[in-house]
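Listed below are the residues making up each chain.
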Amino acid sequence: MVLAIVATVVTLAVSMLWRSRLLAHEASAIDLMRDFHAAQAIYRRSNSSYGDLGELIAARHLNAAMASVHHGYRFQSVGGVDTWHAAAVPDAYDSSGRT
């Protein structure tokens, strides 16, 4: 009986820890998307168009770590003359993030 209670408590604790980790990764991805917005605004002022991920990194508006998996997410950005698009995709859905 005691073993079953301990196993249940451990299972709940691990589940809560896992969820906390996912939420932390998602919060970090949201903050980094805000960085994309600021980087695009700065890049546009200097270049008359928006930049893609490589251009933003080369211009040192974003950290080079953004080119690989960062906090469990892969980041993508495409820029054009009048618009830009950025996305944060979990590297492993339900393991590194869900959004």
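Trainee: So what about the overall build of the protein chain? Which residues, and what values?
Mentor: Per the secondary structure count, the protein chain includes two helices and two strands. The order of helices and strands in the protein chain, counted from the N terminus, is α-α-β-β. The C-alpha radius of gyration of the protein chain comes to 19 Å, more than 25% above the 13 Å expected for a compact globule of 99 residues. The C-alpha extent of the protein chain, read off along each of the three principal axes, is 70 × 20 × 15 Å. In the protein chain, which comprises 99 residues, the proportion classed as buried is 28%. The long-range share in the protein chain, meaning contacts at least 24 apart out of those at least 6 apart in sequence, stands at 52%. In the structure as shown, the protein chain presents an accessible area of about 6,500 Å², 61% of it carried by carbon and sulfur atoms. Distance from the positive charge centre (8 side chains) to the negative charge centre (8 side chains) of the protein chain: 4 Å.

Trainee: Which residues make up the packing of aromatic side chains, and what are the values?
Mentor: Centre-to-centre distance and the angle between the planes together describe a pair of aromatic rings. For the coordinates displayed, the defined rule picks out one aromatic pair. The interplanar angle of 35 degrees and the centroid separation of 6.0 Å between the aromatic rings of Phe36 and Phe75 together place this pair among those described as tilted. With Phe36 in helix H1 (residues 2-47) and Phe75 in strand E1 (residues 73-79), the pair connects residues that are 39 residues apart, well separated along the chain. You can call Phe36 buried: its relative accessible area is 0%.

Trainee: An account of H1 is needed here, citing residue identities and associated values.
Mentor: For H1, built from 46 residues, the straight-helix expectation of 68 Å at 1.5 Å per residue is met to within 8% by its first-to-last C-alpha distance of 67 Å. Buried within H1 we find Leu22, His25, Glu26, Ser28, Ala29, Leu32, Phe36, Ala39, Gln40 and Tyr43. One or two steps after H1, the chain reaches Ser48, where phi turns positive at roughly 60 degrees.

Trainee: Requested: an account of the pairing of strand E2 (residues 84-90), with residues and values cited.
Mentor: Here seven bridges tie E1 to E2, and the two strands are oriented antiparallel to one another. Residue pairing in the sheet places Phe75 in a bridge with Ala88 of E2. From the end of E1 to the start of E2, which pair antiparallel, there are four residues.

Conventions adopted
- Residues numbered from 1 in each chain as written.
- Predicted model: local features only at pLDDT ≥ 70, side-chain atom pairs only at ≥ 80, totals over all residues.
- Heavy atoms only, no water.
- Helix = DSSP H or I, 4+ residues; strand = E, 2+ residues; numbered from the N terminus.
- Rg over C-alpha atoms; globule rule 2.2 N^0.38 Å.
- Buried < 20%, exposed > 50% of the residue type's maximum accessible area, 1.4 Å probe, protein only.
- Contact = heavy atoms within 4.5 Å.
- Areas by Shrake-Rupley, 256 points an atom, 1.4 Å probe, with all protein chains shown as cover.
- Lys, Arg positive; Asp, Glu negative; His and termini not counted.
- Charge placed at Lys NZ, Arg CZ, Asp CG, Glu CD.
- Phe/Tyr/Trp six-rings, centres within 6.5 Å; stacked < 30°, edge-to-face > 60°.
- Expected span 1.5 Å × (residues − 1).
- Pairing = 2+ DSSP bridges.

From the geometry alone we can't say anything about function, so treat these as descriptive.
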